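# Architecture and fold: a report
Residues per chain are reported as follows:
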Amino acid sequence: EALHLNPQLLPAYLNLADLLRGQSKDADARQLLLKALAVDPDHGPTLHALGLLETRSGQPEVALNYLQQAAALETEGTRHRFVYGIALHDLGHPDEAIVQLQSLLSSVPQSEEVLLALANYSAELGQRDKALGYATALTQIAPGNRAYQQLVQTLTGGTP
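Read on for an overview of the structure. On a predicted model such as this, the values are computed, not experimentally measured, just so you know.

Topologically, Ser 122 is positioned in helix α8 (residues 112-124). Those residues within four positions of Ser 122 in sequence are excluded, and the remaining contacts are Ile 98, Gln 127, Lys 130, Ala 131 and Tyr 134.

Listed below in structure tokens is the structure:
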């Protein structure tokens, strides 16, 4: 009804697409999101939603393209840039993921989720010193967090 009353209302496209996706109607959701992009080709939330949909649909390169566009457009908040970094890692581009997350960290230096991803991804790539630096930063932000303390112990060769 909202789209009938105002075909320019982008949140209505996103909400309906999410409803369709929840009903396993990904093709319909994709078409709706593409219509939303026709209304505003630079709408980050729409690009982000398309990226997530394509990830679930097994289209990693298409997904990364949409997620990258959404991340590049994000001027407030960090969610699109963070998800893009995680997607890069999960879709086989760990070095690029670290670069993306390091860039994001400069905007949000106290972000536990960014630091944790950087610590884990750096460790996976054998960059133990970098991983330890990120893990240590986590323990400084949240000194009572046992998981962060265990991560530091693991990276220093101690027993968790």
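Considering the arrangement of structural elements, one finds Leu 104 in helix α7 (residues 94-107). Residue class for Leu 104 comes out buried when judged on its relative accessible area of 1%. On a C-alpha basis, the gap between Leu 104 and Leu 16 in space is 30 Å, while along the polypeptide they are 88 residues apart. Apart from residues no more than four positions distant in its own chain, Leu 104 is found in contact with Thr 78, Arg 81, Phe 82 and Val 114.

To continue, consider helix α2 (residues 10-22). Between the first and last C-alpha of α2 there are 18 Å, a value that for 13 residues agrees with the 18 Å anticipated at 1.5 Å per step. Of all the positions in α2, only Leu 10, Ala 12, Tyr 13, Ala 17 and Leu 20 are classed as buried. Relative to the axis of α2, the buried residues are bounded by an arc of 155° and lie together on one face. Exposed residues on α2 whose side chains face more than 90 degrees from its buried face are Asn 15 and Gly 22. Tucked inside the fold, the buried residues of α2 contact α1 (2-5) and α3 (26-39). One or two positions beyond α2, positive phi appears at Ser 24, with a value near 60°.

All right, on to the packing of helix α4 (residues 44-56) against helix α6 (residues 79-90) then. Direction vectors running N to C along α4 and α6 enclose 25°, while the axes themselves pass 11 Å from each other. In this view, α4 runs roughly parallel relative to α6, as classed from their interaxial angle. Here α4 and α6 pass one another in a crossing that is left-handed. Here Gly 44, Pro 45, His 48 and Leu 52 of α4 lie close against α6, whose contacting residues are Arg 79, His 80 and Val 83.

In this section: the pattern of salt bridges. Enumeration over the complete set of coordinates arrives at four salt bridges. Arg 21 is the partner of Asp 18 in a salt bridge, and the nearest nitrogen-oxygen pair spans 3.2 Å. Pair noted here: Asp 18 and Arg 21 are both in helix α2, with a separation of three residues, about one helical turn. You can call Asp 18 partly exposed: its relative accessible area is 43%. The residue Arg 30 makes a salt bridge to Glu 54 at a minimum N-O spacing of 2.7 Å.

A few words on the nonpolar core. Ranked by size, the top nonpolar core spans 29 residues in total, and within it Phe 82, Leu 101, Val 114, Leu 118 and Tyr 121 carry the most contacts. Contact partners of Phe 82, with chain neighbours within four places excluded, come to Leu 101, Leu 104, Glu 113, Val 114 and Ala 117. Counting residues in each nonpolar core, the second largest holds 14 residues, with Ala 17, Ala 36, Leu 37 and Leu 47 among its members.

About the criteria used
Residues numbered from 1 in each chain as written. Predicted model: local features only at pLDDT ≥ 70, side-chain atom pairs only at ≥ 80, totals over all residues. Heavy atoms only, no water. Helix = DSSP H or I, 4+ residues; strand = E, 2+ residues; numbered from the N terminus. Contact = heavy atoms within 4.5 Å. Buried < 20%, exposed > 50% of the residue type's maximum accessible area, 1.4 Å probe, protein only. Expected span 1.5 Å × (residues − 1). Arc of directions from axis to C-beta. Axes fitted to C-alpha atoms, helices over the stretch in contact; angles between N-to-C directions. Parallel < 35°, antiparallel > 145°, perpendicular 65-115°, else oblique. Left-handed = near helix turned anticlockwise from the far one by under 90°. Salt bridge = Lys/Arg side-chain N within 4 Å of Asp/Glu carboxyl O. Core = buried A, V, L, I, M, F, W, Y, C linked by side-chain atoms within 4.5 Å.

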